[in-house]
Amino acid sequence: METTHLTVTTSSPGQTLALGRRLAALLEPGDVICLFGQLGAGKTCLVQGICLGLGAEEGAVSPSFTLVNEYLGRLPVFHFDCYRLDGPRDLDQIGYDDYLGRDGVVLIEWAERIGSRLPDERLDVRMERVSDDVRRITLEPRGPRWQGSGIEKMQA
Ligand SMILES: Nc1ncnc2c1ncn2[C@@H]1O[C@H](COP(=O)(O)OP(=O)(O)OP(=O)(O)O)[C@@H](O)[C@H]1O
Ligand SMILES: [Mg+2]
């Protein structure tokens, strides 16, 4: 059975953090989560929740200037922000492909900027600003890894 898309609405940053924490509980080594959405959509907020959920207590900050930040919790977290990426050469310089093979959790903000370099098996998360405090968040699992993963229970 295909895992279907799931839409969750949050009404505060705290609720998006909580969603990230619950998502973290499902994560396994090698998982890739791609975050799509405009400036201020809440991508970093969700990443922070995932980091908290994984016990990477120092918490995520935006890696805009370094392109990738690393945190260590239950699993290693590799947090990319592709907003200021100049091109694929930047990805090669930071060893992007190696990160994908390192058995951590890879989180990619502005994933649309590196579309051709995203793995086929991944969780796409689309975040949309509905109003000041409301965000519509769509989870789109891609590939067999997410079937029966519990992702379908993220609604509640
Ligand atoms: N329901 C919500 N979920 C997440 N953030 C929210 C929500 N409501 C309001 N906000 C606010 O929206 C902003 C989201 O900022 P955040 O840095 O997470 O966005 P971003 O998508 O990472 O942006 P950027 O593209 O600049 O990296 C924060 O100021 C946060 O307080
Ligand atoms: Mg951000």
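See the structure shown above.
The shown structure was predicted, so the numbers you read here are calculated from the model rather than taken from an experiment.

Asker: Just checking my understanding: could you explain the site of ligand 1 for this structure?
Answerer: Residues in close proximity to ligand 1 total 20 residues, the closest being Thr16, Gly42, Lys43, Thr44 and Cys45. Mapped by element, the contributors of at least two residues to the shell around ligand 1 are α1 (13–24) and α2 (43–53). Its residues assigned to classes, the shell around ligand 1 shows six nonpolar, 10 polar and four charged.

Asker: Honestly, the nonpolar core in this entry has me stumped. Any pointers?
Answerer: Nonpolar side chains in soluble globular proteins tend to be buried together. Membership of the largest hydrophobic core comes to 34 residues, with the highest contact counts inside it found for Leu35, Leu107 and Val125. At the level of secondary structure, the elements contributing two or more residues to this core comprise α1, β2 (32–36), α2, β4 (76–81), β5 (105–109), β6 (122–129) and β7 (135–142). Those residues within four positions of Leu107 in sequence are excluded, and the remaining contacts are Ile33, Leu35, Val47, Ile50, Val77, His79 and Phe80.

Asker: What should I look at first to understand the environment of Ile137 in this one?
Answerer: When you line up the elements, Ile137 lands in strand β7. Under the C-beta neighbour-count criterion, Ile137 is labelled buried, with 23 such atoms within 10 Å. On a C-alpha basis, the gap between Ile137 and Val106 in space is 19 Å, while along the polypeptide they are 31 residues apart.

Asker: Please clarify how the sheet that holds β7 should be interpreted in this entry.
Answerer: Backbone-to-backbone hydrogen bonds join strands into a sheet, with any given pair of strands oriented parallel or antiparallel. As summarised here, the arrangement of the seven strands in space is β1-β7-β6-β2-β5-β4-β3, forming an open sheet in which the pairing is mixed. Because the sheet does not close on itself, it has two edges, and the strands there are β1 (6–10) and β3 (68–72). Between one strand axis and the next, the sheet turns through 20 degrees on average, direction left out of account. When β3 meets β4, the two strands line up antiparallel, connected through five bridges. Looking at the pairing, Glu70 lines up with Phe78 of β4. Helix-sheet contacts for α2 involve β2, β3, β4, β5 and β6, and the interaxial angle to β5 is about 165 degrees.

Asker: What exactly am I supposed to notice about α2 here?
Answerer: Across the 11 residues of α2, 10 count as buried, placing the element largely inside the fold. When α2 is considered as a whole, its buried residues turn out to be Lys43, Thr44, Cys45, Leu46, Val47, Gln48, Gly49, Ile50, Cys51 and Gly53. Contacts made by the buried residues of α2 are with α1, β2, β3, β4, β5 and β6. At the exit of α2 stands Gly55, carrying a positive phi of roughly 80 degrees.

Basis of the calculations
- Per chain, the residues get numbers from 1 upward, laid out in the order the sequence is written.
- Numbering of ligands from 1 and lettering of chains from A proceed in the order in which they are written.
- In keeping with the model being predicted, local features are shown solely for residues with a pLDDT of at least 70 and side-chain atom pairs are shown and tallied solely at 80 or more, while totals for entire chains, interfaces and linings include all residues.
- Each residue receives a C-beta atom built from its backbone; the residue is near a molecule or strand if that atom lies within 6 Å of it.
- Secondary structure is summarised from DSSP: a helix means a run of H or I of at least four residues, a strand means a run of E of at least two, and numbering begins at the N terminus for each.
- Residue polarity follows a fixed list, in which Ala, Val, Leu, Ile, Met, Phe, Trp, Tyr, Cys and Pro are nonpolar, Asp, Glu, Lys and Arg are charged, and the others, Gly among them, are polar.
- A set of buried Ala, Val, Leu, Ile, Met, Phe, Trp, Tyr and Cys residues, joined to one another through C-beta atoms within 7 Å, is what we call a nonpolar core.
- With C-beta atoms placed from the backbone, a residue is buried if 20 or more other C-beta atoms are within 10 Å of its own, exposed if 12 or fewer are, and partly exposed between those counts.
- Whether two residues are in contact depends on their C-beta atoms, placed from the backbone: they are in contact if these lie within 7 Å.
- Here, strands pair whenever DSSP counts at least two bridges between them.
- To get an axis, a line is fitted to the C-alpha atoms, and for a helix only the part in contact is used. The angle between two axes follows their N-to-C directions and goes from 0 to 180 degrees.

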